[in-house]
Structures are given as structure tokens and as C-alpha cells.
Number of protein chains: 2
Amino acid sequence: MRPVPFSPGQRAELRRTVTEADLVNFAGVSGDYNPLHTDALYAQRTRFGQRIAHGLLLGSWVSAVLGTRLPGPGAILMSCSLRFLRPTRIGDTVTAWAEVAAVRTDRPVVTLRVGCTNHHGEVLAEGEAVCYWEPVEGA
Amino acid sequence: MRPVPFSPGQRAELRRTVTEADLVNFAGVSGDYNPLHTDALYAQRTRFGQRIAHGLLLGSWVSAVLGTRLPGPGAILMSCSLRFLRPTRIGDTVTAWAEVAAVRTDRPVVTLRVGCTNHHGEVLAEGEAVCYWEPVEGA
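Residues numbered from 1 in each chain as written. Chains lettered and ligands numbered in written order. Predicted model: local features only at pLDDT ≥ 70, side-chain atom pairs only at ≥ 80, totals over all residues. Heavy atoms only, no water.

> Account for the interface of chain A and chain B, with residues named and values stated.
On the chain B side, the residues contacting the 45 residues of chain A number 45 residues. Taken together, the links from chain A to chain B amount to two salt bridges. As a salt-bridge pair, Arg47 of chain B and Glu134 of chain A come within 2.7 Å of each other at their nearest N and O atoms. On the surface where chain A and chain B come into contact, there are 16 residue pairs in polar contact (both at pLDDT 80 or more). Of all the elements in the fold, those that place two or more residues in the side of chain A that touches chain B are helix H1 (20-30), helix H2 (35-38), helix H4 (55-68) and strand E2 (75-84) of chain A. Note that E2 of chain A and strand E2 (residues 75-84) of chain B share five bridges and pair antiparallel. When the sheet's bridge partners are listed, Ser79 of chain A is paired in E2 of chain B with Arg83 of chain B. (Contact = heavy atoms within 4.5 Å. Salt bridge = Lys/Arg side-chain N within 4 Å of Asp/Glu carboxyl O. Polar contact = N/O pair within 3.5 Å; in protein donor to acceptor, adjacent residues only side chain to side chain. Helix = DSSP H or I, 4+ residues; strand = E, 2+ residues; numbered from the N terminus. Pairing = 2+ DSSP bridges.)

This is the structure:
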């Protein structure tokens, strides 16, 4: 087995400001037109008082960290779990992050803690991902 | 507490054929440009031999079932876990589904088994979601 170049504690992140376009585009890609995410009048009458981001939109940003930063290209997602702890609003600046929790020695498999935090440092989502690591040489 | 109008065994699904545009659009929304999903030449040299769908793209289709069908509008995603068991290729026809596993009696919370299956009946992904249920009356 090729050595897996990761070790516990290694961390990567990506930051972005949530826009109305993000919610609209995620609704289009997913088909999730739950009015909580796409209908301002409906959302006004919910406990949140405004549209909030789809949970799996935050999940998609975690996917970006895993697929482009850590482990990065070569990562194949085997599992992902997320708990959504707070609403994410348009205008929030969100940091999606991943941190290596464990690396198997018998197979090229990396377990990472993952999550998203807002600009107040509040945890929006957190969970775990497991990636297989199989990069293409010289690609 | 308002009665929660769901019971174990209830099921809903959405079906769609995976297109190149789905992978491109999900890469755009998420920022996950892992070449396994967006670079045909790279993907050719992987064990899959071609681009495969992002795991969280399947997750987003599960989100659509939860947000539009079961529980539907009024659902607020509290957690979601998915294991990815097989690759999903462009041209596959994927059924994303959710089935009520449990309904709490003390709080309006529904636990669902969720997953995606391809046109051969093979399981692509499976897991669990927990939704809070708080619809807006007359919205």
C-alpha cells in the first residue's frame, strides 16, 4: 500500500459568504424547493424569520474541502454524517473545515472530523467523513 | 404539540437520470472540483474509468425528497448520514427515497431511513435523516 500522506490533526478549510444565489442554485441542482429555503414570505412566518440555507448546501461545502484540499484530489467519499445545529442565513460568512481524526494503516482510508462555522464562531454543522485515498499518479 | 401526520413505513421517492450537467452544476454550487467528478481524462485513469457523481449530489437529491415530499414543506433537517456504496455514473437513473422509521411523541421529530438506488436496483447510498416538523399554517 502506498503511504497515505496525512496525519491526525491536519486541517483545511474554505470560507465563503452565503448569497441568495447559493440557495437558488442549490435548489436547482437538488430539486429541494422546500419554501423554507426559496420562499421569502413563507420563511418570514417560520421560527427563523427568513430563508435559511439547505443543510446539504453546507454539506456540499464540506465536500469541496474534502475533494479539493484535504485529502484533496484522490479522495473518494465513503461516508459523511452531519448534524445541523444552527440556521445559516444569507449574508453569513461560513467556514467549512475538515480535520484528520485517524488514518488506517492497513488500507488507504482517512477519517476526518468535518463541520461549518459562521463568522461569530458558532458551529452551524458538525460531523464525520470517511474517505478512500487513491490519487492518479502524474494526472 | 400539533399531531405529526406521519407513521413508520410511509415512503416517498424522486427519480432522475444523472446528466453531465448535474455534475457540472453541483461542482459549481459546492466548489467541489475534485477531478474525479469534473475531469474526464483524470477519471479515465481511476478505478471507475469515468467521471462519477459527487456523493453529496446524491445527498442533495435525498434533501429534495425530505424537503418536498416526506416530510415535505415544514421539514427542518436536523441531521443526515449517508454511506456511499457504489459509484453513480452519468446516464444512471437514480431513485432517491425516504421512509419513516420513527416518530417521536414528545416532540415533532421524524426519523427516516434514506437512500439512493440505481436502475439496476443496486444501492448507491443509504443512511438516516432526522427532521423537525414545523409547517406554517395556510402558507
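> Could you give me a rundown of the pairing of strand E4 (residues 109-117) of chain A, with the residues and numbers involved?
Each regular strand displays side chains that alternate between the two surfaces of the sheet. All names here are of chain A. In terms of residue burial, E4 counts as a mostly covered element, since eight of its nine residues are buried. In this structure, strand E3 (residues 93-103) lies alongside E4, joined through eight bridges in antiparallel fashion. The residue of E4 that forms the bridge with Ala102 is Thr111. Between E3 and the antiparallel strand that follows it, E4, lie five residues. Both E4 and strand E5 (residues 123-133) contribute to a ladder of nine bridges, which runs antiparallel. Bridge pairing in E5 links Val114 to Gly127. Taking the residues between adjacent antiparallel strands as the criterion, E4 and E5 are bridged by five residues, where Gly121 takes a positive phi near 80°. (Buried < 20%, exposed > 50% of the residue type's maximum accessible area, 1.4 Å probe, protein only.)

> If you had to explain the nonpolar core to someone new, which residues and values would you point to?
Membership of the largest hydrophobic core comes to 68 residues, with the highest contact counts inside it found for Leu66 and Leu112 of chain A together with Leu66 and Leu112 of chain B. Once residues lying within four places of it in the same chain are set aside, the contact partners of Leu66 of chain B are Pro71, Gly72, Ala75, Leu77, Ala98, Leu112, Val114, Ala129 and Cys131 of chain B. (Core = buried A, V, L, I, M, F, W, Y, C linked by side-chain atoms within 4.5 Å.)

> Tell me what's going on with the layout of surface pockets, and back it up with residues and numbers.
Here the largest pocket defines a volume of roughly 420 Å³. Together, 27 residues line the largest pocket, and Ile52 and Phe84 of chain A together with Ile76, Leu77 and Met78 of chain B are the ones closest to its centre. If you list the elements that add at least two residues to the lining of the largest pocket, you get H2 and H4 of chain A together with helix H4 (55-68), E2 and strand E5 (123-133) of chain B. Examining the composition of the lining of the largest pocket, we find that four residues originate from one element, E2 of chain B, more than from any other. Here the second largest pocket is characterised by a volume of approximately 310 Å³. What lines the second largest pocket is a set of 19 residues, among which Ile76 and Leu77 of chain A together with Phe48, Phe84 and Arg86 of chain B lie closest to the centre. (1 Å grid on protein atoms, 1.4 Å probe; cavity = no way out; pocket = protein on both sides within 12 Å on 5 of 7 lines; lining within 4 Å. Points joined across faces, edges and corners; volume = space filled by probe spheres on them.)

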